[in-house]
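Below, each chain spelled out in residue letters.
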Amino acid sequence: MIKKSLAVATALLGLLSLTTAATPTQAATASSFPVVVSNYGASMTFSKAPTRIISLSPTATEILFAINAGSKVVAVDNQSNYPASAPKTALSGYTPNIESILSYNPDLVVVSYDPGDLVASLRNAGVKVVLQDAANSLNDSYAQIAQLGAITGRRTSASAVVGNMKKRISSALASIPNRSSNLTFYHELDDTYYSVTSSTFIGQLYSMAGLTNIADKADGAEWGYPQLSSEYIVAKNPSLIFLADTGCCGQSKATVKSRPGFGQLAAVKRNHIYVLNDDVASRWGPRTASLIEAIAWAIKNFLRTNH
Amino acid sequence: MVCSGAAIVTIVLAVCVGAISVPATDVLHSIAWHLKVPYMSKTVGTNDIIIWQLRLPRVILAFVVGSMLASAGATYQGTFRNPLADPYLLGVSAGAGLGATFAIVSGAHVSHALIPVASFVGAMGAVALTYTLGRSGISGRVSGSLVLAGVAVANLLTAIQTLVQQQHNDKIREVYSWVLGTLNTSGWNDVRMVVPYIALSTFMLYRYRRVLDVFSVGDEEATTLGLPVERVRAIVIIAATLGTAAAVSVTGLIGFVGIIVPHALRLLVGNSYRVLIPLSIVGGGIFLVCADLIARTALAPTEIPIGIVTALIGAPFFLYILGSRRTGAEK
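Residues numbered from 1 in each chain as written. Chains lettered and ligands numbered in written order. Predicted model: local features only at pLDDT ≥ 70, side-chain atom pairs only at ≥ 80, totals over all residues.

With 31 residues of chain B at the contact, the number on the chain A side is 30 residues. Of the residues in the side of chain B that touches chain A, the class split is 10 nonpolar, 14 polar and 7 charged. (Contact = placed C-beta atoms within 7 Å. Nonpolar A, V, L, I, M, F, W, Y, C, P; charged D, E, K, R; others polar.)

In C-alpha cells, the structure reads:
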C-alpha cells in the first residue's frame, strides 16, 4: 500500500515537473485545466480550480496556504492551527461528521486519513476528495505540494514552494561542518519515550544531516516508532536530545533533567537538549525545511560548544 | 517466611535482568553501596544509574502495585461475593481515567505533574459517588446495588472521558499510553509517592482478612453473627480504594492482576481469606514483577505496554491452572 502510493506519487511528480518544464513562464490560468488526478484508485477530473476547499489535514492546510490557494479554503479542521489565518472550525479529521462537512458545500475535501469510509461517503455525495496520507519521504511531500498546486491552478506557486524548500534544505545541510566522529541523538515523541527510527519521514531528516539515531537498533517490531526503554536511553547516552513533546506532553529541558537517571546524560549535563515545535515535527508540509534548519543549527551549536 | 523469601528472590532476580545487560555482581554491588552496606566501594557510572535509579525502583514499584491490585481484587471478590469483582469494580479506573484525561487535555505545562494527583482525586471521587448512590439501594441488598451503581458510574465517567478525549484528539495518544499503563518512566519519586498509601491499605486488608470469611455467608447471616456489616464493608472498601487509586495514579491502568492472581491462588490453596489475602499480597507482587520483566525484556530495548503483558500472560496462565485443577479433581 505504502509502496504503491509512493510509486504513484513519484510518477505524478515526474509528470508534473515535465509539464512545468514545458511551460516555464505560464501563470496559473484556466488553460491548465482540465486536471486529471489519480488518487488511491479513484480518477478525478477537475475542469476548473475548486473554489470551496475543506482541509481536514493540518499538513494540507499549510500547503494550501503556502501555495496561495488559501483564499479558496472555506474551512479547516480543529487541528489545523497554521497559518493563523486559516478558517479553523470544529470539523475533525479523526471523527469526521459527513453532514457538517457537506454543510460547507465544498467542491474539494483534502484529508490525510480515512476513518470510517469518510472518503467513500463524501465521494458518494458527489464531492471530490483527495487523500494525502503521511509522507514517507521528502519526495512524497514535494509530490503532495505539486498535486495540490495542479488541482488548485497554482502550479507556479507550488513549484516555487518546492524549489524554496529544496534550496533551504540543501543550504542547511551544506552548512554543517564535516566531522570525523559519530554524533548520536534521541528524538522524543512523548514522555513515555516513544521515538522514531531512520525509516520514518522524520528519521530520514536526521539521517540526511548525518546523525546516528539511537532508536534504530531498538525497533524489534520494525514499526518505525518504538517505545524505548529508559535503561537503553541512559546506556546509549546520546550526544543530542530533540524534544518533539513540549506541546503535547508538557516536556521541557527542566522536566528531562528531573527524570530518574537522565541527570547524568551528556546531553543533559552539557545542555544539548533541543526543543522542537511539535506540530512542525509531526507534519510533512513546507515547514519541514525549518525543521532541517533547526537540526542543522543544533549540530553546529553542539560542535561549537562541545570541545 | 517462605513467602517473603520468594518475594525477595524474585525482586533480586528481576533486577539482574533488563534491557541493558549488567553483570549480577555489579547489580548487587550497586544496591549494597546505596544501602550503605559497610566496606563497599563507591559505585559510579552508567550501570550504577541503570540499576539504582531506573531498574530497582521500577521493580519495587511493580511489586507494590501488584500486591495492591491483587489484594484489593481478592477483597472486593469477598466483600461482594462476586468472583468477577476486580479492584476497578466501583469505578476507580474510570474515575482515574477521567481525572488523568482532564489533566492531559488541559494542556498547561504545569498540569503534567498534576496527572497523578488528578487521577487519584478522580478515582476516590468515583468510588465515593458509587458508594453514595449504591448505599441508598434496597435494604439488605446493599452489595448488589453497590455493584450496579459501580457499573453505572464507571460507564458514565468513561463516556465523559471519551467525549473529552474526542474533543482533544491531538492528545489521544497520550491518554492511551496512560490507559495502557507504564512503568517505563518510574523512579524513586513514584515509589515514595505510593508506598505510604499502599502500605496502609494492604495492612488494613490484612487486618480485616478474617472478616471477609464471615462475609461469605451473606449479609444477613453475617449480621446475626454479630458483624457490623455496613461499617466493616465501608472500611475495607475505603482501604482497597485508597491503595488502588494511588497505584493507578502513577502506573496507569493495569488490568487482570486483581482477578487472575486471587483466583489462581484460590485454586491452589482454597477459599479462606485468612490465607488468601496475605498470599495475594505476595503473589500479586511477584506476578507483576514477572509481567514487567517480560514487558521490558521481550522486545528489548523496545518496551511492551504492561497492560498487554498481564492480559497475554495472565489469561492463558489462569486457564492452565483452571484446567489442571479440574483434571486433578477428576482423578
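Moving on to the nonpolar core. Ranked by size, the top nonpolar core spans 179 residues in total, and within it Val-109 and Ile-241 of chain A carry the most contacts. Counting residues per element, this core draws most heavily on helix α3 (residues 46–79) of chain B, which supplies 19 residues. Counting the residues that make up this core, at least three belong to each of domain 1 (2–169) and domain 2 (176–305) of chain A. Ignoring any residue separated from it by four or fewer positions in sequence, one finds Ile-241 of chain A in contact with Phe-185, Tyr-186, Glu-188, Val-256, Ala-267, His-272, Ile-273 and Tyr-274 of chain A. (Core = buried A, V, L, I, M, F, W, Y, C linked by C-beta atoms within 7 Å. Buried ≥ 20, exposed ≤ 12 C-beta atoms within 10 Å, placed from the backbone. Helix = DSSP H or I, 4+ residues; strand = E, 2+ residues; numbered from the N terminus. Domains from an automatic or database assignment.)

As judged from the 3 bridges shared by strand β3 (residues 53–55) of chain A and strand β4 (residues 73–76) of chain A, these two strands associate in the parallel manner. Looking across to β4 of chain A, one finds that Ile-53 of chain A is bridged to Val-73 of chain A. (Pairing = 2+ DSSP bridges.)

The pairing of strands in a sheet comes from backbone hydrogen bonds and takes either a parallel or an antiparallel form. Residues and elements named next belong to chain A. As summarised here, the arrangement of the 4 strands in space is β8-β7-β9-β10, forming an open sheet in which the pairing is parallel. Unpaired on one side and paired on the other, β8 (212–213) and β10 (273–275) mark the two borders of the sheet. Bridge count between strand β9 (residues 240–243) and β10: 3 bridges; the pairing is parallel. For Leu-243, the partnering residue across the bridge sits in β10 and is Val-275.

All names here are of chain A. Spatial ordering of the open sheet is given by β4-β3-β5-β6, a layout of 4 strands whose pairing is parallel. Of all strands in the sheet, those bounded by a partner on one side alone are β4 and β6 (128–131). Averaged over all pairs of adjacent strands, the angle between their axes in this sheet comes to 20 degrees, without regard to strand direction. Together, β3, β4 and β5 (108–111) form the strand contacts of helix α2 (residues 58–66), whose direction differs from that of β3 by roughly 135 degrees. (Axes fitted to C-alpha atoms, helices over the stretch in contact; angles between N-to-C directions.)

A few words on the packing of helix α6 (residues 155–174) of chain A against helix α13 (residues 288–305) of chain A. Residue and element names in this part refer to chain A. The N-to-C vectors of α6 and α13 enclose an angle of 5 degrees; their axes lie 9 Å apart at closest approach. Considering the angle they form, α6 stands roughly parallel to α13. The residues of α13 that touch α6, namely those facing Met-165, Arg-168, Ile-169, Ala-172 and Leu-173, are Thr-288, Ala-289, Ile-292, Glu-293 and Ala-296. The residue makeup of the contact of α6 with α13, split by class, is 7 nonpolar, 1 polar and 2 charged. (Parallel < 35°, antiparallel > 145°, perpendicular 65-115°, else oblique.)

Turning next to the pairing of β5 of chain A. Residue and element names in this part refer to chain A. Residues Leu-108 and Val-110 of β5 are buried on one face, and the alternating residues Val-109 and Val-111, pointing to the opposite face, are buried as well. In terms of strand pairing, β5 meets β6 through 4 bridges, oriented parallel. Bridge pairing links Leu-108 to Lys-128 in β6. Read as a crossover between parallel neighbours, the route from β5 over helix α4 (residues 118–124) to β6 is right-handed. (Right-handed = clockwise from strand over helix to strand, strands pointing away.)

Quick look at unusual backbone geometry now. Residue and element names in this part refer to chain A. In this structure, the amide linkage connecting Tyr-82 to the following residue, Pro-83, adopts the cis form with an omega of -5 degrees. Relative to the assigned elements, Pro-83 resides in the loop between β4 and α3 (98–102). The backbone of Tyr-40 sits at a positive phi, close to 50 degrees, despite the residue not being glycine. Within the element layout of this structure, Tyr-40 appears in the loop between β1 (35–39) and β2 (42–46). Of note, the phi angle at Asn-237 is positive, near 45 degrees, even though the residue is not glycine. Among the structural elements, Asn-237 can be located in the loop between α8 (230–236) and β9.

Let's shift gears to the environment of Asp-216 of chain A. Residue and element names in this part refer to chain A. You can see Asp-216 is positioned in the loop between β8 and α8. With 13 residues separating them in the primary sequence, Asp-216 and Gly-203 have C-alpha atoms 9.3 Å apart. In this structure Asp-216 touches Thr-197 and Ser-198, once residues within four positions along its chain are discounted.

Next up on the list: the domain arrangement of chain A. Residue and element names in this part refer to chain A. When its domains are assigned, chain A resolves into domain 1 (2–169) and domain 2 (176–305). Tallying the contact residues gives 16 residues for domain 1 and 12 residues for domain 2. Of all elements in the fold, only α2 and α6 reach the threshold of two or more residues within the side of domain 1 that touches domain 2. Across the side of domain 1 that touches domain 2, the residue classes tally to 9 nonpolar, 5 polar and 2 charged.

This brings us to helix α8 (residues 188–207) of chain B. All names here are of chain B. In a regular helix each residue adds 1.5 Å, so 20 residues correspond to 28 Å; α8 covers 28 Å between its end C-alpha atoms and thus fits that length. The sharpest bend along α8 measures roughly 35 degrees and falls at Val-195, with the proline Pro-196 sitting one to four residues further on. Buried residues of α8: Asp-190, Val-194, Tyr-197, Ile-198, Ser-201, Thr-202 and Leu-205, and no others. Buried residues belonging to α8 abut α3, α9 (209–215), α11 (229–251) and α13 (273–297). (Expected span 1.5 Å × (residues − 1). Bend = angle between axes of the 7 residues up to and from the residue.)

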